[in-house]
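Here's the letter readout for the chains.
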Amino acid sequence: MTSNVPLNELGEFLKKRRSELSPRTVGLPETGGPRRVDGLRREEVAQLASISTDYYTRLEQGRMQASAPVLDIIARVLHLDDDERGYLFQLAGKTTTRTRRHGRQKVQPQLQRVLDDLTATPAIVQGRRGDILAWNALAAALVTDFSRIAEKHRNYPRLIFTDPAMRSLYADWEGSARIAVAQVRMEAAKYPEDPRLIELVGELSTRDKQFAQWWGDHRVAARTVGTKTLNHPVVGELVLDWDTLTANTDPDQHLTVWTAAPGSPTHERLRILASWATEQNLSPSASLR
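Per chain, residues are indexed from 1 in the order of the written sequence. Thresholds applied to this predicted model are a pLDDT of at least 70 for local features of residues and 80 or more for the giving and counting of side-chain atom pairs; totals over whole chains, interfaces and linings are not thresholded and use all residues. To get the side-chain values, take all heavy atoms of the structure and skip hydrogens and water.

As for the layout of surface pockets
Okay, so step 1: In this analysis the probe radius is 1.4 Å and the grid spacing 1 Å, with only protein atoms considered; a cavity is a set of points the probe fits into but cannot get out of, a pocket is an open set with protein on both sides within 12 Å along at least five of seven lines, and lining residues have an atom within 4 Å of a point. Grid points are joined across faces, edges and corners, and a volume is the space filled by probe spheres set on the points. Of the voids in this model, the second largest pocket is the one considered here, and its volume is about 510 Å³.
Okay, so step 2: In this structure, the second largest pocket is lined by 17 residues; those nearest its centre are Lys152, His153, Arg158, Glu199 and Glu203.
Okay, so step 3: Under the scheme used here, helices are H or I runs from DSSP no shorter than 4 residues and strands are E runs no shorter than 2 residues, and both carry numbers assigned from the N terminus. Only helix H4 (68-77) and helix H11 (195-207) provide two or more residues apiece to the lining of the second largest pocket.
Okay, so step 4: Of all the elements, H11 adds the most residues to the lining of the second largest pocket, at four residues.
Okay, so step 5: Gly is put with the polar residues, along with every residue not named as nonpolar or charged; the nonpolar set is Ala, Val, Leu, Ile, Met, Phe, Trp, Tyr, Cys and Pro, and the charged set is Asp, Glu, Lys and Arg. Taken together, the residues of the lining of the second largest pocket break down into four nonpolar, five polar and eight charged.

Below, the structure is given as structure tokens:
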């Protein structure tokens, strides 16, 4: 009979590592109440890893083996370094080859040139998972100053669910948030083993009950076209048409532009907003390069 010593050791290793992490370390809100155990709870690790609590519990108890992709996700959730990750895979009897990762995306030069030339139209470039890769000054004035957000957190779905200002900005916040969830679900079908995507879904599911509920609905949506009404704190109501253009050189990069009909109140307010952006010295992403 095969010994379960390695699996038991694996479980003890996982328990020790999660005991060293606080909710704040992994981006979870502090509840303020007493915690029965040090560090993260099992259910918190499971949610961040997008696996069931029962699955993770059995893994810690040495009652089952996990696949290499699941171990890779757990290693990211528990902030394991390369040595600890290798040890985890060794205990599990798995090859330590990492799950294939996509290289870091950089905005395509032609899309950056379009952004640089758009001075009267808000525009951003989004990559995989809704990551915000680039923006112009008017987009920063319209939505938020993206340069103030840590690069690893520049993600549109994350912004919608974690920034309270978004709930005031979007007249129909729920409708916009549901679309964001459906777009992430579409990405998940395309890249089911993307660790950063799994981490994003786990974090938002834990932090926001509505995200968790809508994620469970399995609705999907592609980035196409639509109309949004925004309640901007500087210029007031804006009714904007948005359109998405995909880069042929990288189909995972999308240029989203917000426009208004010439002569409309929104068109005039965008001009006022552009002047305000200049006064505030808001920076386009090109200035960060």
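So, the pattern of salt bridges
Opposite charge on two side chains permits them to pair, given that their charged atoms come into close proximity.
Okay, so step 1: The term salt bridge refers to a side-chain nitrogen of Lys or Arg lying within 4 Å of a carboxyl oxygen of Asp or Glu. Applying the stated criterion across every chain yields a total of 22 salt bridges.
Okay, so step 2: We note a salt bridge from Asp54 to Arg58, for which the minimum N-O separation is 3.1 Å. In this pair, Asp54 and Arg58 both sit in helix H3 (residues 53-60), four residues apart, roughly one turn of the helix.
Okay, so step 3: Linking Glu174 and Arg178 is a salt bridge whose minimum nitrogen-to-oxygen distance equals 3.1 Å. Here the residue Glu174 and the residue Arg178 both occupy positions in helix H10 (residues 173-190), the gap between them amounting to four residues, near one helical turn.
Okay, so step 4: Exposure remark for Glu174: the relative accessible area of 37% places this residue in the partly exposed category.
Okay, so step 5: Each residue is placed in one exposure class: buried if its accessible area under a 1.4 Å probe, protein chains only, is under 20% of its type's maximum, exposed if it is over 50%, and partly exposed if it falls in between. Assessed through its relative accessible area of 36%, Arg178 is described here as partly exposed.

Points about unusual backbone geometry
Okay, so step 1: Although it is not a glycine, Arg129 adopts a positive phi angle of roughly 70 degrees.
Okay, so step 2: Along the chain, the position of Arg129 falls in the loop between strand E1 (123-126) and strand E2 (132-135).
Okay, so step 3: What makes Arg129 buried here is its relative accessible area of 7%.
Okay, so step 4: At Asn281, a position not held by glycine, the phi torsion is positive, near 60 degrees.
Okay, so step 5: The exposed category is assigned to Asn281, whose relative accessible area is 64%.

Quick look at H3
Okay, so step 1: Three or more residues of H3 are buried, namely Tyr55, Tyr56, Thr57, Leu59 and Glu60.
Okay, so step 2: In the segment just after H3, Gly62 is the residue with positive phi, at about 70 degrees.

Observations concerning the side chain of His232
Okay, so step 1: Structurally, the position occupied by His232 is in strand E3 (residues 225-232).
Okay, so step 2: Here Ala141 takes part through its backbone oxygen, which lies 2.7 Å from a polar atom of the side chain of His232.
Okay, so step 3: With sequence-adjacent residues up to four places away left out, His232 is seen in contact with Ala141, Leu142, Leu169, Leu238 and Leu273. A 3.5 Å cut-off defines polar contacts: any pair of N or O atoms within that distance qualifies, except that in protein one atom must be a possible hydrogen donor and the other a possible acceptor, and neighbouring residues in sequence count only when both atoms are side-chain atoms. Should any heavy atoms of two residues lie within 4.5 Å, those residues are counted as being in contact.

Considering the domain arrangement of the protein
Okay, so step 1: The split of the chain into domains comes from an automatic or database domain assignment. You can read the domains of the protein as domain 1 (5-92) and domain 2 (109-280).
Okay, so step 2: For domain 1 versus domain 2, the separation of C-alpha centres amounts to 32 Å.
Okay, so step 3: The interface is formed by 11 residues belonging to domain 1 together with 10 residues belonging to domain 2.
Okay, so step 4: The term buried area means the drop in 1.4 Å probe accessible area that two parts suffer when joined, counted for both and summed. Roughly 930 Å² of surface becomes buried between domain 1 and domain 2 when both sides are summed, with 60% attributable to carbon and sulfur atoms.
Okay, so step 5: Per-residue buried area on domain 1 facing domain 2 is highest for Gln47, Leu48 and Arg76; these three make up 42% of the total on that side.
Okay, so step 6: At the surface where domain 1 touches domain 2, the tally comes to one salt bridge.
Okay, so step 7: A salt bridge links Glu199 to Arg76; its shortest N-O distance comes to 2.8 Å.
Okay, so step 8: The element best represented in the side of domain 1 that touches domain 2 is H4, accounting for four residues.
Okay, so step 9: Tallied by class, the residues present in the side of domain 1 that touches domain 2 amount to six nonpolar, three polar and two charged.

Section: helix H6 (residues 109-117)
Okay, so step 1: Every buried residue of H6 is accounted for by Leu111, Gln112 and Leu115. On an axial view of H6, the arc spanned by its buried residues comes to 100 degrees, and they lie on one face. What points out from H6, more than 90 degrees from its buried face, is the exposed set Arg113 and Asp117.
Okay, so step 2: The inward-facing, buried residues of H6 contact E1, E2, strand E4 (236-247) and strand E5 (250-259). Each C-beta atom gives one direction from the helix axis, and the arc is the one those directions make.

Observations regarding the environment of Leu10
Okay, so step 1: Checked against the element boundaries, Leu10 lands in helix H1 (residues 5-19).
Okay, so step 2: A relative accessible area of 1% means that Leu10 is categorised as buried.
Okay, so step 3: The spatial distance from the C-alpha of Leu10 to the C-alpha of Asn136 is 48 Å, given a sequence separation of 126 residues.

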